[in-house]
Amino acid sequence: MSALNDEAVELGHGRVAVPDLIAAMTLEEKLAQLVGLWQGVDRDGGAVAPLQDAMDTVEQGFAEFAAQGLGQITRHYGTLPLDPSEGLSALAAKQQWLRKNTRLGIPAIVHEECLTGLAAWKAATYPVPPAWGATFDPALVERMAARIGRVMAGLGIHQGLAPVLDVIRDMRWGRVEECISEDPYHVALTGAAYVRGLQSAGVAATLKHFVGYSNSRAGRNLAPVHAGEREVRDVLEFPFEVAVRDAGARSVMNSYAEIDGVPVAASEGRLTGTLREEWGFDGTVVADYFAVAFLQTLHRVAEDAGEAAVQAITAGIDVELPTGVTYLQPLQERIADGRLSMDVVDRALERVLRQKAELGLLDADWAPPSGPAPDLDSEEDRLLAATIAERSLVLLHNDGVLPLGDSAPAPRTIAVIGPNAESVPALFGCYSFINHVMPQHPDIESGLRVETVESAIRREFDPAKILTAQGTGVDDGATEGIPAAVAAAYDADVAVVVVGDRSGLFGRGTSGEGCDVDDLELPGAQRALVEAVIATGTPTIVVLLTGRAYAISWMFEGAAAVVQAFFPGEEGAAAVAGVLSGRVNPSGRMPMSLPRGAGGQPYSYLHPPLGGASSVTNIDTAPAVRYGFGLSYTQFAYEDFAVEAHEVDVADVIRCAVTVRNVGDRGGAEVVQLYASDPVASVTRPLAQLVAFERVLLEPEESVRVRFAVPTRLLAFTDRAGHRIVEPGEIRVGVRRDAGDVISEETVRLTGAVHHIDGTEARISTVTVSAASAATASDPLEESA
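Residues numbered from 1 in each chain as written. Predicted model: local features only at pLDDT ≥ 70, side-chain atom pairs only at ≥ 80, totals over all residues. Heavy atoms only, no water.

A look at the overall build of the chain
The number of helices and strands found in the chain is 23 helices and 29 strands. Computed over C-alpha atoms, the radius of gyration of the chain comes to 27 Å, within 12% of the 28 Å expected from 2.2 N^0.38 for 785 residues, which places it in the range of a compact globule. Expressed as lengths along the three principal axes of its C-alpha atoms, the size of the chain is roughly 80 × 70 × 50 Å. Sorting the 785 residues of the chain into buried and exposed places 64% on the buried side. Counting contacts in the chain only where the partners sit at least 6 residues apart, residues at least 24 apart contribute 78% of the total. Side-chain charges of the chain comprise 62 positive and 106 negative groups, with the mean position of each set lying 1 Å from the other. (Helix = DSSP H or I, 4+ residues; strand = E, 2+ residues; numbered from the N terminus. Rg over C-alpha atoms; globule rule 2.2 N^0.38 Å. Buried < 20%, exposed > 50% of the residue type's maximum accessible area, 1.4 Å probe, protein only. Contact = heavy atoms within 4.5 Å. Lys, Arg positive; Asp, Glu negative; His and termini not counted. Charge placed at Lys NZ, Arg CZ, Asp CG, Glu CD.)

Encoded structure:
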C-alpha cells in the first residue's frame, strides 16, 4: 500500500486509521467503496436475481470498473461453474490488482451465497433451512455454519449472505424453503447459531431480509407486506434482534418489501432507528440485489436513480449490491448539486472501512489466500450433512409398516415410484449451486457425489428386488405413466412413492424464489399418482421432498406411512432410506404447520382466538398437522412437571422442569417443547407461544430431568401506546408434544408494575439436562411438584 503511505496517512498497529483514510479519499474513491461488481452473469440463461436486466454496468471490465477502488466482489465463485483452485487464483489476481493498481490499494470484500452451504461448484450442499428447523438442534446448525465458514475463508471469501431470518407466514410463498420456521423464537435460536458458527471462521454473516419480506400479500414474491406495526415488532423483528444483540451479526440485508407504503430500502426508521439506535448494530447494511434501483423502477418513490440512491443511503443502506447502478454516477451528481451531504456518504464509508478493518483487509501485510483450494466437500462435510438430514426427517404418519427393517418377513420386492425417486435436483433447494446455477450449464456435471432416493433404497435394502416407475412428472400434469406405476405397485410387497417439488427460480420450479403457488395441492398430477398406488392395496409409503408444507392430509387415510423431507441435501437420500429401514429413528419435528388447504393461508399457530375456528365462518384454519409434531419409532413419557414458584416478578425468570423418559424399546431423540400463554392481556395474544425447547437423546428406560429458565422478556408485546412491555398477570406455562397437544401446565402469576423493555433483558431461555436421578427431594422443583 505504498501509494497510501505517500499520502502520509497514519498506520496504527499495522492498520490504516479509518478516519485518516476517509480524509485522504476523493469522492470517486469513496463511492467506489460503497458498491459491488458482478461479472460473468449469463443474461440469456435464466435470471438468478429478480429483474436481472437492471444490471447496466456489467459490461465494463474489472480494471475499468474498479479504477478508483471497489467495495465488494459479487459471487466470484457462485456465478459460473468455476474450478475452485482456478477460482482462488483468479480471485487473488483481482485482489492483487486492487492492491497495486488503485491509489489507495484497498482490497475488496468478497461475498457469496451460503444458505445451504457455499453456493459454488463442487461445494458441499446441506439441507435447506426448514430442515434445520425440523432438527430443533441449534448446536448442530452452528457446527454446519462453522464448517461452511472455514471453507469460505479458505477461498478468500469474507461475507456470506445468510442466514434468512424471515418468519414463515404463508405456505404459498415460494421462499418458504429458505426460512427456518413459523415460530420467531425457533427462528431466533437457530439463526443466531448459524451466525455464531459462520463468524467463528472470520466470515461476516448477513441477516436476510430485514424486515417483513415473508409476510407478503397472498404469498406473492415482492408483494406489499400485510402486517401491522405490532406484528412487525413482536413477531417479524425478534429473530433479527437476537441475531444482532446476542449473536453479534456483522451485516444486515434489507428486505425488498414495502410495509404500509414505505419500502424498507428507504426506511430510516427501520434501518437506522430500530437497527442501529435501538439495537446498537454497528456493522454494515447491504442492499438486496438491485433494491436501491427498485425504489425508482418498482416502488416508484424516487424520480430517478439518483433520488433512489439518496433515499437508500440516507435510510442506512451502506453498500449497493450486486453492482454499482445508483451509488456511482447518479449519487455523485446528487452530491455535486448539493442535494446530499457528504457527511451521509462518509457515514456509510466509515462502516464499510471498519468492516474491512475487522476482516484484516486494511492490514499493511494482508495478502489473499493462494492455492490449492481447500476440499469443498470433505468426508467431514458429508458426515455433517448426513447427520442434519437424518435429524430433520419428520414421520408424519405411520400405521405400523415402518420401519421396514422390523417387517416379518422383510419385503422382497419394493416398488420405488414417483417423479422425485430418481431425481438429484429434488434433494436441493433453489440456493444450492445445483439448482441456482447449473440449469444454465446442462453440459457440465454437478461436481457432487449424490445418490438418488431410488439408489439409496436399492443399497439399503439389498438384496431386495427394486421395481421403478416414474408415474408422472413433478408439474407437467401428464398421467400416461401412472398405469406402469400401478403395475409396479401390484408386483411389490411395499411401494415407496417419492413426490414433491422441483426447486428453481422465477417460475422455473414449483418451489423457490419467484415460484409462488395459489393452491397447496401437490404440483401437477402427483396426487392422482399417489391415490392410484394406494388403491392397489399394496402398503404405500409416501416420501415428500418439498420446500413447503403441502395440503396432504388426504394421504393419511390410505397411505401406510408418510415421511416429510424438506430438501435434505447431498446425503438426504441415504437419510430417507435409513428412516425406511429403521437404521435411523426419525426425530424431526414440523417447523411449520401442515395446512388443510390454501383457504386457511396466511396461517400461524401463533394466532389469537379470532384466528381459529368459530361459528361465524365456514372456514376452519386448523392445520392437518400442528407445528412441532413428529412421530418416532419409540415412545416418550413426561413426568413431574413443576414450576419453581407460582409468583414471579414481571421482570424476572420463570423456572420449571420436567422428567422425560423413553418408555419404548429402542433409543431415540425427543424434542421437549415448552409453551406459554397469556389468557388475558391488554392486546390480543397468541393462544400459545414456544418459549424453550431441547432435543434429548434417550436409550430405552433412560430418563432425564430437563430444567428451563424462561426470561419474562419472551412474553413481551407492543401495547396500545406502542411501547414494548411485559404485563403483570397470570401466565400458563407447560410442556406440549406440539403446539396444541398439552401434556402438563401450571399457572404462574407475574407480579409488580408493568415492565418496559429497555433492551438489557435476557432474550433466550436457558435449558439444562441432567440424569433424572439428580432430581432429589432437595430440588425445589421436585418439592413444588
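Considerations on the pairing of strand β8 (residues 251-254)
Regular strands place their side chains on alternate faces of the sheet. Burial of the side chains of β8 extends over both faces: Ser 251 and Met 253 are buried on one face and Val 252 and Asn 254 on the other. Pairing of strand β7 (residues 204-210) with β8 involves 3 bridges; the strand directions are parallel. Bridging across to β8, Phe 210 finds its partner in Asn 254. In the sheet, β8 pairs with strand β11 (residues 284-286) via 3 bridges, with the strands oriented parallel. Paired with Val 252 across the bridge in β11 is Val 285. (Pairing = 2+ DSSP bridges.)

Section: the sheet that holds strand β6 (residues 159-160)
The strand order β3-β4-β5-β6-β7-β8-β11 describes an open sheet built from 7 strands, whose pairing is parallel. Strands with a single pairing partner mark the edges of an open sheet, and in this sheet they are β3 (36-37) and β11. Of the strand pairs in this sheet, strand β4 (residues 72-74) and strand β5 (residues 109-112) are connected by 3 bridges, and their pairing is parallel. Residue pairing across strands places Ile 73 opposite Val 110, the latter belonging to β5.

Let's talk about the pattern of salt bridges
Tallied over the entire structure, the rule returns 51 salt bridges. In this structure, Arg 724 engages Asp 234 in a salt bridge whose closest nitrogen and oxygen atoms are separated by 3.3 Å. One end of the pair, Arg 724, is in strand β25 (residues 724-726); the other, Asp 234, is in helix α9 (residues 229-236), with 490 residues separating them in the sequence. We note a salt bridge from Glu 639 to Arg 661, for which the minimum N-O separation is 3.0 Å. Of this pair, Glu 639 sits in strand β18 (residues 636-643) while Arg 661 sits in strand β20 (residues 653-662); the two residues are 22 residues apart in sequence, bridging distant segments of the chain. We classify Glu 639 as partly exposed; its relative accessible area is 26%. (Salt bridge = Lys/Arg side-chain N within 4 Å of Asp/Glu carboxyl O.)

Considering the nonpolar core
Grouped together as the largest cluster of nonpolar side chains are 215 residues, with contacts concentrated most on Tyr 194, Tyr 327, Leu 396, Ile 417, Ile 552, Met 555 and Leu 674. It is helix α8 (residues 184-200) that provides the largest number of residues to this core, a total of 8 residues. Counting residues in hydrophobic clusters, the runner-up holds 39 residues, among them Leu 393, Phe 428, Ala 561 and Ala 565. (Core = buried A, V, L, I, M, F, W, Y, C linked by side-chain atoms within 4.5 Å.)

A short note on the side chain of Asn 662
One can find Asn 662 in strand β20. Taking the relative accessible area as the measure of exposure, Asn 662 reaches 0% and is therefore buried. Of the polar contacts made by the side chain of Asn 662, one reaches the backbone oxygen of Arg 666; its length is 3.0 Å. The residues contacting Asn 662, other than those within four sequence positions of it, are Thr 634, Gln 635, Phe 636, Gly 667, Gly 668, Leu 698, Glu 699, Pro 700, Glu 701 and Glu 702. (Polar contact = N/O pair within 3.5 Å; in protein donor to acceptor, adjacent residues only side chain to side chain.)

Things to note about the packing of aromatic side chains
For the structure shown, the criterion picks out 14 aromatic pairs. Between Phe 290 and Phe 294, the ring centres sit 6.4 Å apart and the planes meet at 50°, which makes this aromatic pair tilted. Accessibility classification places Phe 290 together with Phe 294 in one group, the buried group. Members of the aromatic cluster, connected to one another through ring pairs, are Phe 136, Tyr 185, Tyr 605, Tyr 627, Tyr 675 and Phe 693. Directly above the aromatic system of Trp 121 lies the positively charged group of Lys 122, at a separation of 4.5 Å from the ring centroid. Lys 208 extends its terminal NZ or CZ atom over the ring of Tyr 431, reaching a point 5.2 Å from the ring centre. (Phe/Tyr/Trp six-rings, centres within 6.5 Å; stacked < 30°, edge-to-face > 60°. Lys NZ or Arg CZ within 6 Å of the ring centre and 35° of its normal.)

A closer look at the layout of surface pockets
Considering only enclosed or pocket space, the largest pocket measures out at about 940 Å³ in volume. Taken together, 42 residues form the lining of the largest pocket, with Arg 169, Glu 231, Val 235, Leu 606 and Pro 608 sitting closest to its centre. Among the secondary structure elements, those contributing two or more residues to the lining of the largest pocket are α8, α9 and β22 (689-698). Considering every element that reaches the lining of the largest pocket, the biggest residue donor is α9, with 4 residues. Of the residues contributing to the lining of the largest pocket, the split by class is 18 nonpolar, 14 polar and 10 charged. (1 Å grid on protein atoms, 1.4 Å probe; cavity = no way out; pocket = protein on both sides within 12 Å on 5 of 7 lines; lining within 4 Å. Points joined across faces, edges and corners; volume = space filled by probe spheres on them. Nonpolar A, V, L, I, M, F, W, Y, C, P; charged D, E, K, R; others polar.)

Quick word on helix α18 (residues 453-460)
What α18 keeps buried is the set Val 453, Glu 454, Ala 456, Ile 457 and Glu 460. Axial view of α18: buried residues confined to an arc of 165°, hence all on one face. Buried residues in α18 make contact with β13 (413-417), β14 (465-469), β15 (494-500), β16 (540-546) and α22 (572-581). (Arc of directions from axis to C-beta.)

Describing unusual backbone geometry
Residue His 209 is reached from Lys 208 by a cis peptide bond, and omega for that bond is -10°. Along the chain, His 209 turns up in strand β7. Residue Pro 463 follows Asp 462 across a cis peptide bond; omega there is 20°. Tracing the chain through its elements places Pro 463 in the loop between α18 and β14. Residues other than glycine seldom take positive phi values, yet Arg 300 does so here, at roughly 60°. One can find Arg 300 in the loop between α12 (291-297) and α13 (305-315). Its relative accessible area of 72% is what places Arg 300 among the exposed residues.

The analysis is restricted to geometry; functional conclusions fall outside its scope.
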